[in-house]
Amino acid sequence: MSETICAVATPPGRGGIGIVRISGSACQRVARELLGFIPSPRTAIHTDFCAPDGETLDSGIALYFPSPASYTGEDVLELQGHGSPIALERIVGCILDQGVRLANPGEFTERAFRNDKLDLAQAEAVADLIASGSAEAGRAATRSLTGEFSLRIRELDQRVLKLRMFIESAIDFAEEEIDFLGDTEQQSRLDEMRSLVEALIDRSTAGLTMQIGLDVAIAGAPNVGKSSLLNRLLGEDRAIVTATAGTTRDTLHGDLSLDGLPVRLTDTAGLHASDDPIELMGMERAQTALSTADCVLWVIDDADENLSTPDMYRGKTLVVRNKCDLTGNTPGAVGKTEFRTCALTGAGLSDVCEGLKQVAGFRAGTDAFAGRPRHIAALKRVDDALSQAAKELSVREGELVAENLRVAHESLGEIVGITTSDDLLGEIFSTFCIGK
Amino acid sequence: MKFPTAFDVIVIGGGHAGVEAALASARVGASTLLLTQAIETIGQMSCNPAIGGIGKSHLVREIDALGGVMATAADKAGIHFRILNNSKGPAVRATRVQADRVLYRNAIRQAVERQSNLSVFQDMMVDLTLQSDRICSVSTRLGMEIEARAVVLTTGTFLGGRIFVGREQHAGGRAGDPASVELAEKLRSLPLAAGRLKTGTPPRIDGSTVDFSKLEEQPGDEPRPVMSFLGTREMHPRQVSCHITHTNVRTHDIIRRALDQSPMFTGEIEGVGPRYCPSIEDKVVRFAERDQHQIFVEPEGLETTELYPNGISTSLPFDAQYEAVRSIRGFENAQITRPGYAIEYDFFDPRGLLPSLETKNIENLFFAGQINGTTGYEEAAAQGLVAGLNAARKSAGLAAWVPQRHEAYIGVLIDDLTTMGANEPYRMFTSRAEYRLRLRQDNADLRLTPIGRELGLVPDDRFKVFTTRSKKLEACNEALSRTTIRLNSDMANKLSKASGERLSKDIPLLDFVKRPAVRAEHLTSAGVFANTDESYLAQALIDVKYDGYLRRQDQAIARAKDQMSIRLPDELNFREIDGLSNELREKLEHVQPRTLGNAASIPGMTPAALSLLSVYAKRYSGLRKTA
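Residues numbered from 1 in each chain as written. Chains lettered and ligands numbered in written order. Predicted model: local features only at pLDDT ≥ 70, side-chain atom pairs only at ≥ 80, totals over all residues. Heavy atoms only, no water.

This part covers the packing of helix α2 (residues 56-65) of chain B against helix α9 (residues 377-395) of chain B. Residues and elements named next belong to chain B. α9 packs onto α2 with a crossing angle of 30° between their chain directions and a minimal axis gap of 9 Å. The pairing of α2 with α9 is recorded here as roughly parallel in orientation. Remark: the crossing between α2 and α9 carries left-handed chirality. Contacts from Lys56, Leu59, Val60 and Ile63 of α2 reach α9 at Tyr377, Glu378, Glu379, Ala381, Ala382 and Leu385. (Axes fitted to C-alpha atoms, helices over the stretch in contact; angles between N-to-C directions. Helix = DSSP H or I, 4+ residues; strand = E, 2+ residues; numbered from the N terminus. Parallel < 35°, antiparallel > 145°, perpendicular 65-115°, else oblique. Left-handed = near helix turned anticlockwise from the far one by under 90°. Contact = heavy atoms within 4.5 Å.)

By secondary structure assignment, the location of B:Pro90 is in the loop between β4 (78-84) and β5 (94-99). By relative accessible area, B:Pro90 is classed as buried at 10%. On a C-alpha basis, the gap between B:Pro90 and B:Ala538 in space is 9.8 Å, while along the polypeptide they are 448 residues apart. Setting aside residues up to four positions removed in sequence, B:Pro90 forms contacts with A:Glu399, B:Arg440, B:Ile542, B:Lys545 and B:Tyr546. (Buried < 20%, exposed > 50% of the residue type's maximum accessible area, 1.4 Å probe, protein only.)

Attention shifts here to the interface of chain A and chain B. Note: interface size is frequently given as the accessible area lost on complex formation between the parts. Each side of the interface is counted separately: chain A has 45 residues, and chain B has 55 residues. Summed over both partners, the interface of chain A with chain B buries about 4,200 Å², with 52% contributed by carbon and sulfur atoms. The interface formed by chain A and chain B includes 2 salt bridges. With a closest N to O distance of 2.6 Å, A:Glu397 and B:Lys545 form a salt bridge. Here chain A and chain B share 12 residue pairs in polar contact (both at pLDDT 80 or more) between them. Listed by contribution, the elements that provide at least two residues to the side of chain A that touches chain B are α3 (107-114), α6 (148-172), α12 (373-394), α13 (398-416) and α14 (421-431) of chain A. The dominant element in the side of chain A that touches chain B, judged by the number of residues it contributes, is α13(A), at 10 residues. Tallied by class, the residues present in the side of chain A that touches chain B amount to 17 nonpolar, 10 polar and 18 charged. (Buried area = accessible area lost by both parts, 1.4 Å probe. Salt bridge = Lys/Arg side-chain N within 4 Å of Asp/Glu carboxyl O. Polar contact = N/O pair within 3.5 Å; in protein donor to acceptor, adjacent residues only side chain to side chain. Nonpolar A, V, L, I, M, F, W, Y, C, P; charged D, E, K, R; others polar.)

Looking now at the packing of α2(B) against helix α3 (residues 70-77) of chain B. All names here are of chain B. Look at α2 against α3: their axes get within 7 Å of each other, and the N-to-C directions meet at 110°. Relative to α3, α2 is oriented roughly perpendicular. Contact residues: α2 offers Val60, Ile63 and Asp64, while α3 offers Met70, Ala71 and Thr72. Taken together, the residues that form the contact of α2 with α3 break down as 4 nonpolar, 1 polar and 1 charged.

Residue and element names in this part refer to chain B. By the secondary structure assignment, Thr245 is in strand β15 (residues 242-246). Polar side-chain contacts of Thr245 include one of 3.0 Å to the backbone oxygen of Arg329. Apart from the residues within four sequence positions on either side, Thr245 is in contact with Leu215, His293, Gln294, Ile295, Val297, Ile328, Arg329 and Phe331.

Next up on the list: the packing of aromatic side chains. For the structure shown, the criterion picks out 7 aromatic pairs over all chains. Arranged with centres 6.1 Å apart and planes meeting at 40°, the rings of B:Phe3 and B:Phe7 form a pair that is tilted. Its relative accessible area of 14% is what places B:Phe3 among the buried residues. Overall, the relative accessible area of 9% leaves B:Phe7 in the buried class. Ring-pair connections join several aromatic residues into one group, and the members of that group are A:Phe173, B:Tyr276 and B:Phe429. When the ring centre of A:Tyr71 is taken as origin, the NZ or CZ atom of A:Arg21, which lies over that ring, is 5.4 Å away. (Phe/Tyr/Trp six-rings, centres within 6.5 Å; stacked < 30°, edge-to-face > 60°. Lys NZ or Arg CZ within 6 Å of the ring centre and 35° of its normal.)

Residue and element names in this part refer to chain A. In terms of burial, helix α8 (residues 226-234) is largely enclosed, as 8 of its 9 residues are buried. Where the residues of α8 are buried, they touch β7 (214-220), β8 (252-258), β9 (261-267), β10 (295-301), β11 (316-322) and α11 (349-359). The positive-phi residue at the C-terminal boundary of α8 is Gly235, with phi of around 75°.

Moving on: the nonpolar core. In terms of nonpolar packing, the biggest core is built from 95 residues, with B:Ile10, B:Ile51, B:Tyr104, B:Ile146, B:Val152, B:Leu153 and B:Leu187 touching the most fellow members. Sort the elements by how many residues they give to this core and α9(B) lands first, with 10 residues. Setting aside residues no more than four positions away along its own chain, B:Ile51 makes contact with B:Met45, B:Val60, B:Met70, B:Ala74, B:Thr95, B:Arg96, B:Val97, B:Tyr104, B:Met227, B:Tyr377 and B:Glu378. Within the second largest apolar cluster, 30 residues are counted, among which are A:Phe149, A:Met193, A:Leu393 and A:Ala402. (Core = buried A, V, L, I, M, F, W, Y, C linked by side-chain atoms within 4.5 Å.)

What follows deals with the pairing of β5(B). Put simply, side chains in a regular strand alternate between the two faces of the sheet. All names here are of chain B. By the criterion of burial, β5 is predominantly enclosed, with 6 of the 6 residues buried. Note that strand β3 (residues 50-52) and β5 share 3 bridges and pair antiparallel. Within β5, the position partnered with Gly52 by the bridge is Arg96. Note that β4 and β5 share 6 bridges and pair antiparallel. Counterpart to Leu84 in the pairing with β5 is Ala94. (Pairing = 2+ DSSP bridges.)

Here the structure, examined in full by the defined rule, presents 58 salt bridges over all chains. Close ionic contact of B:Arg436 with A:Glu168 constitutes a salt bridge, the shortest N to O distance being 2.8 Å. Of this pair, B:Arg436 sits in the loop between α10 (409-420) and α11 (444-455) while A:Glu168 sits in helix α6, placing the two residues on different chains. Here B:Arg436 and A:Glu168 have matching classes, each one buried. When the shortest N-O distance is used, the salt bridge between B:Arg109 and B:Glu113 registers 2.9 Å. Residue B:Arg109 and its partner B:Glu113 are both found in helix α4 (residues 101-114); the two are separated by 4 residues, about one turn of the helix. For B:Arg109, a relative accessible area of 31% translates into the label partly exposed. Taken together, the salt bridges that share partners define one network made up of A:Arg152, A:Glu155, A:Arg159 and A:Glu192.

Have a look at this one:
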């Protein structure tokens, strides 16, 4: 029997409600000690939470979920109080006196996973949910948690299995009049699968971006208004702005949220020829920021005819033609990656924000999954294998189609568990009348 | 009574497993005895008169590459040869031979009689003697006790065999032969997990009563392939055709009406039959929407008119068989010579075996063939060879040799059996081999003959043929990688013309032949490699064609090797591993994987679960060191 664990389930310090969660066989004992009774299962009951000496610590809702119908699969008791940190601490202290220990981070989820309450993808999604910093990412994590990601992957897995069944039966049972290699249906089956995989990759990547956010560097020549842009985007005077070129000598950071997409902005020193050692150091830091950013806002003076943008950066580049108030041009998007702005008034900035969301693969439909890098990598391997399979199918190389599908299936198996050749043969035998 | 001589190895049974076991054991130098109920039935094909087929001929070529007899016997007895999957890739291409039963048996018996170190004795094994969980002798019905260092059991369908025709049933090992009842009882008293399996045969038909004009003729392939690496067309006897007919709605009605008489549907047979080789009553019930099923009409031999209608194996009562056969096109006046029957027999869970095919619980006792839950001559022979070899090696104090999954179908077969067991009679399919692109018929000798030579399995004459062949192949590969096609050269023009492929610049020949449209005959007809046998060129091109895939598989093999090298401690308790799902935990407890690689092949296994296992394996071995 594993130990009973407890923890404060709400974030520390904040909120009008504080929840203490207990999981394990000692729940009933804890309930008797603190509440004086065992609440009837799955019913919210308003009661006092008392210390063993009778002192009332807090009052609130008690909820009891007996095993196995609980989040962790064990007995679970939840005490929902008023969220005063001192009261919460005293409640936990009384519970620990009952031979209960503090839970390790993620231990409730781990137990849920261990007791078959969650599959691996769901357990990882819970981890993401806890770690996610923004509401959008939270929603994406919830969608995986409810099993939609698992569901989609399993659906794809079934489709791969089905196509493999056709291909493998044509190979292994050549005398059985079940040669489907030449059917155009197989090609369209492959095409459908590929669009499914690609959609999954997009949705997972978007979910991943929602969690880790977008790193954006603001760069350009001195005195084009980079710092003004930063200040305007952040809505606060973070950077010192003067009319003197080279005012920003170090990189400056600021975080903002674009409809839940975490964006980390870095203002960099203007890039120009200089022999001031401090300016040179600033420019060196600017180069580093540029080379690691997901996206660069390359700011130029709208009056400047020279459009050349740097192409040495890892991420995408959006061109911001600032000070359009001086040229009299209309602020807003010029193209997909080019914008006219006036950082002083904020005109055109909402279009820049839309551009950043585009770069992040932000999905307005909020149908992102809490993708994990491991899942995305596996899905990319599936995509590669399927596209190779399509190529081989077009030249009727049956055994190579089969090989690529096997690899695709194996990669999917890394997310949902492997399918063996015996499972595949079982599928063939139950579908086709095979055998002399 | 003690038998006058003791042996290193005794092989029980003269079927396809027993013969290869006895021959392999004797080839590597062990004094070997083949003990059989009836010398006349050594090498008997109890079921259909054919060797090979998809996945199966791959096994046959591997047995051949290791010096076994099956392929050359098939060449000597083959009366109809076909290449299957000819239009598909070379990796899945297979050879199938219809064999004359008498010629096949003769070829096998001749090989057994000519093998040095091998004696044959006709008697039935009824008992065995153990000395502290180690086998030391076998006893026969005539009261003989024969001592041996190691024993290989290849009992086929004889162990506790029961034959069913309709509601009739009796003990039997095969139509006309007695079952091994006492031995079955003895083995069931040992610490081995026994089970029952089922298989069946169709009724045989007198060909002189068949109207062949109503059947579709299926001649053998020309040019005619050979089965063995030593095979030549000159070895083949006269060739004949097979025929194809079909069941029909009336046949199915007759069968449906008789189902209440079928021992499989009345529950008298408890053994599990193969899903890929269902009885005709199974097909009619499970695929009720089909209004016909294919029947391959195979000749039993050159000197007999008897036919084997492959596709209608049955255990229906004889009157229903008779009526059903006569409802089939071409069989309207057919006479049945032998009724079809189902046979149920004992097997032992192959997870009780080490990969060497030695039983885990009784030292020096080896199992091969149907006793391990397999079906098919080829699967039996492959196990026989491995069991015979390892019994001989064990008796000489040498470590076992077993090919790995990436080396041979034999390796796939043994790994599948010993880690996953057999829920139904196990048959080889190419889809079971994840390294299918490298495990081909054409390169079985390149994969296995050198190691076979080292093990002592490959005699001089065969090795000489191999050396010549591999040298020619090597020369061919070298020439391929050395040559560059110069734009507008004579060679370039001829190659373009022959293959229809255009050239726009100088390119290495190796790149040119990677184009899907380019075939070996284009090169020879263009005068490139004019002096090279086209078959060598064709084989060299296969490796070029699969190159990228093979290299990717190399990485997978290296990864699998790493996993195989991580041993899971025998004492590891899977119940104690936190984080595994109950389903996986149960599977692991059932399979008892020996290595992380074995665990990786369990259905439903995930990388996360594998990393958990490796962590626990590591933790466990660490604990033991400090203890």
